[in-house]
Amino acid sequence: MAVLGPASGAVLLLLGALSYWGVGCRPAPPPPASKAEVKPHWDTLLSFHFAGSRQILAETNAATLRALLELPQTSALGTNVGIKLASALATVLAPAEQIETAKELSWSLVREVAGRECWLALRRPRGGDPEWTFAVFLDPDSLALAQTNMASLLQSLGSSPLGGGSTTLAASRLYTLLDFLAAGTNSWSGFLTSRTNGSEVVYSNLAVRVAHVGNWLLGGVGPQGLPGLDNAMASTTSSGRPVPSAVDYWLRLEVDNEKLENANLSILDSPLSKFSFSLTSLKERITTAALLEFGKEPKLRMEPWTIPTNAIHDPLVSFTASHGFDSWAHRLLPSTNVALPAVSSQLFVWARDEVPFMSLAATPVQDATNVLLSLGPSLVPSANARLDGLGAGGLLWNPERLSVVWRGLPAFVPYLEPFVEGAGQYLIGGFFPLTTQPTNPAPAELLGQVSGRTNLVYYDWEITELRLGQWAQMFQYASFLSTKPQLSPNMPAKLWLAAIAPLLGNTVTEIIRESSTSFRLSRRSHVGLTGVELNFLAQWFDEPSFPFAGFRMPYEPLGFPTKAKGLRQNKQNSGPDAKAGEVPGPASSAPIPPPP
């Protein structure tokens, strides 16, 4: 994504700007260490490598993604996101009187590094302290401009040098950022020795440095000496690169949470021990792959799939089957006195094309009638106690139909009722209780992607163009229920969603259990994200305080200092026509692609 370029580039920019704080107080960077001097043993705690947008645009198997990146709405969104990232950087580093100047310089820097090949790593030499190292590849003109603007940015902040002396407020903000880089732990407390009244910082034994080798801008933050930076510089000098080329991926992220925890730097509140993620292309689709490894076997029941075939009807726009529902259900009402019955591990969710909110869900149960007889009378008063005073209606228990219905919501009538299919029984719910059921069966090929597969944990298929629009309306409806103003349809991310929708076809996601402690996710798509994920991403991008805060509405376009180009308000552009058969019409389900 073009949006990804500014985002990943700005992460490096934060570290690059940090590194320049130390430039004024130290002599020229030492020459790269020889191979004999570089420490041979390193533990990589975290690494991120982006091959750069040029490689993506040159990819012959990514015509749809190239068309998406070349849309004017993508350019406008990238500009908007880049401006916000630059503003965030300036706000973190600059004192109030220098904010506007710092914003302009930061924006110039973001534009130079956005979309470039970049690498970021948190590594730890055996027996040593963690160190952040980064590198970004720039052409000569961009490299010179980035260095000049970095120097100008930091000079505009009026900071005094690091290295044991006192600093101004700007450097105290640096302390806060370094605190963040240390993941809020005291791992570097021996190097950040004191802080007074939030306006002075005394640093001891902390090194922050930047250098360039060839077209690579490199930097590091960590203990004095920065052996990780020296290692990267030596590699770049000898091979022309700090890391090997991205041969079989565009983007790769690897996190060793176990090593992070051992270094008191854990950034994942999760039992995961390792996590890896990559993006690449294959036959005009983006391939997403992730490996999740746990330190101990997670509690996950894998029952034979029991699909409510007779409840699922065409025209479908999505279908999801998942294990693990029982663990989630028992956490759903933790603070109520509602006793949940024995719950299946399986949950099925599907959406039809009649109306945006025609989504349904079902889970198998032993005796649907008795389950609702025991659940309904206790669930209704417990839920209504929470809904009282919110103006969101309330739940009603209908003993004749053995159903729970949520009344008083505009447009929605959520419900829960029993469903019997042959020897199988289910609890089924949705947003609209139907008096008559459609008769078109679900495609057997679709259900066959799930049934009989014993190692399948999660399966999701959707027509992303249609689900994108359905989720957009549900997001708007959610803001309506929360009494917040509706999202403006003219915000850059909203216009971007409308423009990319016709380019999106099927998205298929699977999670396979490879062993008792490891799981592999795979996805085939045209943009790498599902409809709901794209809506969450767009809402985050349009947040005025992006990238720091949560979601607030309404949103208005963000202005910028006069020397920076303003945002263009592009008219909606549907983009190039989709290929025949690529995006199915609304009257029928799409052909189901084979598993990723």
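Residues numbered from 1 in each chain as written. Predicted model: local features only at pLDDT ≥ 70, side-chain atom pairs only at ≥ 80, totals over all residues. Heavy atoms only, no water.

1. Some thoughts on the overall build of the protein
Inference 1: A count of helical and extended segments in the protein gives 15 helices and 20 strands.
Inference 2: Within the protein, the proportion of its 596 residues that are buried is 52%.
Inference 3: By sequence separation, contacts in the protein at least 24 residues apart represent 68% of the contacts at least 6 residues apart.
Inference 4: For the protein, the accessible area works out to roughly 26,400 Å², and carbon and sulfur atoms hold 56% of it. (Helix = DSSP H or I, 4+ residues; strand = E, 2+ residues; numbered from the N terminus. Buried < 20%, exposed > 50% of the residue type's maximum accessible area, 1.4 Å probe, protein only. Contact = heavy atoms within 4.5 Å. Areas by Shrake-Rupley, 256 points an atom, 1.4 Å probe, with all protein chains shown as cover.)

2. Points about the pairing of strand 16 (residues 415–421)
Inference 1: Bridge analysis of strand 15 (residues 403–407) against strand 16 gives two bridges, and the strand direction is antiparallel. Each bridged residue has a counterpart across the sheet, and for Val 404 the counterpart in strand 16 is Leu 416.
Inference 2: Count of turn residues in the strand 16/strand 17 (residues 424–430) antiparallel hairpin: two residues, of which Gly 422 carries a positive phi of about 60 degrees. (Pairing = 2+ DSSP bridges.)

3. Quick notes on unusual backbone geometry
Inference 1: Note that the residue after Asp 314, namely Pro 315, is joined by a cis bond; omega there is 5 degrees.
Inference 2: As for its placement among the helices and strands, Pro 315 is situated in the loop between strand 10 (285–294) and strand 11 (316–322).

4. Observations regarding the nonpolar core
Inference 1: Judged by nonpolar contacts, the single largest core of 30 residues is most densely connected at Leu 65, Leu 122 and Leu 138.
Inference 2: Those residues in contact with Leu 65 that lie beyond four places of it in its chain are Ile 56, Trp 250, Ile 286 and His 526.
Inference 3: With 28 residues, the next largest nonpolar core counts Ile 307, Met 358, Val 405 and Tyr 459 among its residues. (Core = buried A, V, L, I, M, F, W, Y, C linked by side-chain atoms within 4.5 Å.)

5. Describing the environment of Trp 305
Inference 1: Along the chain, the position of Trp 305 falls in the loop between strand 10 and strand 11.
Inference 2: On a C-alpha basis, the gap between Trp 305 and Ala 321 in space is 8.7 Å, while along the polypeptide they are 16 residues apart.
Inference 3: If sequence neighbours within four positions are ignored, Trp 305 has contacts with Ala 321, Ser 322, His 323, Gln 346, Phe 348, Val 450, Ser 451, Gly 452, Arg 453, Leu 456 and Val 457.

6. Overview of the confidence of the model for the protein
Inference 1: Counting all residues, the mean pLDDT for the protein is 74, and 69% of those residues have values of 70 or more.
Inference 2: Low pLDDT (under 50) marks residues 1–40, which in the prediction has 95 contacts with non-local residues, meaning those over four places away or in another chain.
Inference 3: The low-confidence segment residues 158–204 (pLDDT under 50) makes 95 contacts with residues lying over four places distant or belonging to another chain. (pLDDT = per-residue confidence, 0-100.)

7. Structural notes on the packing of aromatic side chains
Inference 1: Per the stated rule, a full pass over the model turns up ten aromatic pairs.
Inference 2: Ring geometry for Trp 471 against Phe 475: centres 6.4 Å apart, planes inclined by 90 degrees, an arrangement best described as edge-to-face. Of this pair, Trp 471 and Phe 475 both sit in helix 13 (residues 464–481), four residues apart, roughly one helical turn.
Inference 3: A network of ring pairs unites the aromatic residues Trp 471, Phe 475 and Phe 536 as a single cluster.
Inference 4: Between the NZ or CZ atom of Arg 123 and the centre of the ring of Trp 42, over which it lies, the distance is 4.8 Å. (Phe/Tyr/Trp six-rings, centres within 6.5 Å; stacked < 30°, edge-to-face > 60°. Lys NZ or Arg CZ within 6 Å of the ring centre and 35° of its normal.)

8. Points about the pattern of salt bridges
Inference 1: A full pass over the atoms with the stated rule returns 13 salt bridges.
Inference 2: Here Arg 513 makes a salt bridge to Glu 297, at a shortest N to O gap of 3.3 Å. One end of the pair, Arg 513, is in strand 19 (residues 506–513); the other, Glu 297, is in the loop between strand 10 and strand 11, with 216 residues separating them in the sequence.
Inference 3: The residue Arg 453 makes a salt bridge to Glu 510 at a minimum N-O spacing of 2.9 Å. (Salt bridge = Lys/Arg side-chain N within 4 Å of Asp/Glu carboxyl O.)

9. Details of the packing of helix 14 (residues 492–500) against helix 15 (residues 531–542)
Inference 1: Across the interface, helix 14 lies against helix 15 with an axial gap of 8 Å and an inter-helix angle of 150 degrees. Taken together, helix 14 and helix 15 sit at an angle that is classed as roughly antiparallel. When helix 14 is examined against helix 15, the residues Pro 492, Ala 493, Lys 494, Trp 496, Leu 497 and Ile 500 are found in contact with a partner set consisting of Leu 534, Asn 535, Ala 538, Phe 541 and Asp 542.
Inference 2: The residue inventory of the contact of helix 14 with helix 15, partitioned by class, reads eight nonpolar, one polar and two charged. (Axes fitted to C-alpha atoms, helices over the stretch in contact; angles between N-to-C directions. Parallel < 35°, antiparallel > 145°, perpendicular 65-115°, else oblique. Nonpolar A, V, L, I, M, F, W, Y, C, P; charged D, E, K, R; others polar.)

10. Let's talk about helix 14
Inference 1: Across the nine residues that make up helix 14, a large majority, eight, are buried.
Inference 2: Looking only at helix 14, the buried set comprises Pro 492, Ala 493, Lys 494, Leu 495, Trp 496, Leu 497, Ala 499 and Ile 500.

11. Quick word on the pairing of strand 13 (residues 359–365)
Inference 1: Burial within strand 13 is extensive, with six of its seven residues counted as buried.
Inference 2: As paired elements, strand 12 (residues 347–352) and strand 13 share four bridges and run antiparallel to each other. By the bridge assignment for strand 13, Trp 350 is matched with Leu 360.
Inference 3: The hairpin formed by strand 12 and strand 13 contains six residues between the paired strands.
Inference 4: Bridge analysis of strand 13 against strand 17 gives six bridges, and the strand direction is antiparallel.

12. Re the side chain of Glu 131
Inference 1: Among the structural elements, Glu 131 can be located in strand 3 (residues 131–137).
Inference 2: Buried charged residue Glu 131 carries no salt bridge. Nearest counter-charge: Arg 123, at 6.2 Å.
Inference 3: Among the polar contacts made by the side chain of Glu 131, one reaches the main-chain amide nitrogen of Leu 229 at a distance of 2.9 Å.
Inference 4: Every residue in contact with Glu 131, bar those within four places of it in the chain, is listed here: Trp 42, Ala 121, Leu 122, Arg 123, Val 221, Gly 222, Pro 223, Leu 226, Pro 227, Gly 228 and Leu 229. (Lys, Arg positive; Asp, Glu negative; His and termini not counted. Polar contact = N/O pair within 3.5 Å; in protein donor to acceptor, adjacent residues only side chain to side chain.)

13. Re the environment of Thr 133
Inference 1: Relative to the assigned elements, Thr 133 resides in strand 3.
Inference 2: On a C-alpha basis, the gap between Thr 133 and Ala 232 in space is 7.9 Å, while along the polypeptide they are 99 residues apart.
Inference 3: When sequence neighbours within four positions are dropped, the list of residues in contact with Thr 133 reads Trp 119, Leu 120, Ala 121, Arg 123, Gly 219, Gly 220, Gly 228, Leu 229 and Ala 232.

14. Examining helix 11 (residues 368–387)
Inference 1: Approximately 35 degrees is the largest bend angle found in helix 11, and it occurs at Leu 375, with the proline Pro 377 only one to four residues beyond.
Inference 2: Among all positions of helix 11, only Ala 368, Val 371, Leu 372, Leu 375, Gly 376, Leu 379, Val 380, Ser 382, Ala 383 and Leu 387 are buried. (Bend = angle between axes of the 7 residues up to and from the residue.)

15. Remarks on the environment of Arg 241
Inference 1: Here Arg 241 is to be found in the loop between helix 8 (227–239) and strand 8 (251–256).
Inference 2: Each C-alpha atom of the pair Arg 241 and Phe 137 lies 9.1 Å from the other, and the pair is 104 residues apart in sequence.
Inference 3: The residues contacting Arg 241, other than those within four sequence positions of it, are His 49, Glu 117, Trp 216, Ser 235 and Thr 236.
Inference 4: At 2.2 Å, the side chain of Arg 241 and the side chain of Glu 117 are in polar contact.

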